[in-house]
Amino acid sequence: MTVLVAYNPSPHGEAAVRTAISEAARRRLPLHVVNLAPPDGADDAARSLAALLDAAPEGVDVQPVTRRSTGAEPADAILDATEASGASLVVIGSRKRSSAGTFLMGTTTQRVLLDSPVPVLVVKDAYDS
């Protein structure tokens, strides 16, 4: 069993990683990261992700990061990694949307919520006070 987090280089992707680290520590489970960054920004995304993972508290077992295959849909990569890693929780980030965009969440978030065989925790990058 693991906590799986889907990372993309964005404020909500970083919030998802921080939350997943906390959940992995709380549940005493390994952390598996799926890096969804597009190939053109892969180096910068890898550095940002490494900095986030380096901040994980001692005792959090961070598994090797997997990358989304070129051409694979993000939702497919997340769902495939969920199954392959034996995840017991999936953590994904979601950004604030306009009023028109609030009708539907992003297609990736929606697919993962509907198709995941395990609970999904959706994290915002900031909360209104």
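Cut-offs and rules
Residues numbered from 1 in each chain as written. Predicted model: local features only at pLDDT ≥ 70, side-chain atom pairs only at ≥ 80, totals over all residues. Heavy atoms only, no water. Helix = DSSP H or I, 4+ residues; strand = E, 2+ residues; numbered from the N terminus. Buried < 20%, exposed > 50% of the residue type's maximum accessible area, 1.4 Å probe, protein only. Contact = heavy atoms within 4.5 Å. Areas by Shrake-Rupley, 256 points an atom, 1.4 Å probe, with all protein chains shown as cover. Pairing = 2+ DSSP bridges. Core = buried A, V, L, I, M, F, W, Y, C linked by side-chain atoms within 4.5 Å. Polar contact = N/O pair within 3.5 Å; in protein donor to acceptor, adjacent residues only side chain to side chain. Axes fitted to C-alpha atoms, helices over the stretch in contact; angles between N-to-C directions. Parallel < 35°, antiparallel > 145°, perpendicular 65-115°, else oblique. Left-handed = near helix turned anticlockwise from the far one by under 90°. Nonpolar A, V, L, I, M, F, W, Y, C, P; charged D, E, K, R; others polar. pLDDT = per-residue confidence, 0-100.

**What to know about the overall build of the protein**
Of regular secondary structure, the protein possesses four helices and five strands. Its helices and strands in sequence order give the protein the pattern β-α-β-α-β-α-β-α-β, from N to C terminus. When the 129 residues of the protein are sorted by exposure, 42% land in the buried category. In the protein, 77% of the contacts between residues at least 6 apart in sequence involve partners at least 24 apart. Of the roughly 7,300 Å² of accessible surface on the protein, 52% is carried by carbon and sulfur atoms.

**A look at the pairing of strand S4 (residues 87–94)**
Each regular strand displays side chains that alternate between the two surfaces of the sheet. Taken across its eight residues, S4 has eight buried, putting it largely inside the fold. Looking at chain direction, S4 and strand S5 (residues 120–124) are connected through five bridges and run parallel. What sits directly across from glycine 93, in S5, is valine 123.

**As for the nonpolar core**
The biggest cluster of nonpolar side chains holds 22 residues, and the ones touching the most others in it are Val3, Val5, Val17, Leu31 and Val91. If you list the elements that add at least two residues to this core, you get strand S1 (2–7), helix H1 (11–27), strand S2 (31–35), helix H2 (42–54) and S4. At six residues, H1 tops the list of elements feeding residues into this core. Beyond its immediate chain neighbours, meaning those up to four positions away, valine 17 contacts Val5, Tyr7, Leu49, Leu52 and Leu53.

**Section: the side chain of asparagine 35**
Relative to the helices and strands, asparagine 35 resides in strand S2. With a relative accessible area of 3%, asparagine 35 lands in the buried category. Of note is the side chain of asparagine 35, whose polar atom sits 2.9 Å from the backbone nitrogen of alanine 37. Here asparagine 35 is in contact with Tyr7, Ala45, Ala46, Leu49, Val65, Thr66, Arg67 and Arg68, once residues within four sequence places are set aside.

**Focus on the packing of helix H3 (residues 74–85) against helix H4 (residues 107–115)**
Between H3 and H4, whose axes approach to 8 Å, the crossing angle comes to 30°. If you check the angle between H3 and H4, you find them roughly parallel. When the axes of H3 and H4 are compared, the crossing they make is right-handed. Touching Pro74, Ala75, Asp76, Ile78 and Leu79 of H3 are Thr108, Arg111, Val112 and Asp115, all from H4. Residues belonging to the contact of H3 with H4 are distributed by class as follows: five nonpolar, one polar and three charged.

**Quick word on the confidence of the model for the protein**
Chain-level pLDDT for the protein is 89 on average; 88% of the residues reach the 70-or-more range. Averaged over each element, pLDDT in the protein is lowest for H2 (89) and highest for S1 (97).

**Considering the sheet that holds S4**
In space, the five strands of this open sheet follow the order S3-S2-S1-S4-S5, with parallel pairing throughout. Taken across any chain shown, the strands that pair with only one partner, and hence form the sheet edges, are strand S3 (66–67) and S5. Packed on one face of the sheet, H3 meets S1, S2 and S4 and runs near 160° to S1. The strands touched by H4 within the sheet are S4 and S5, with S4 carrying the most contacts at an inclination of about 160°.

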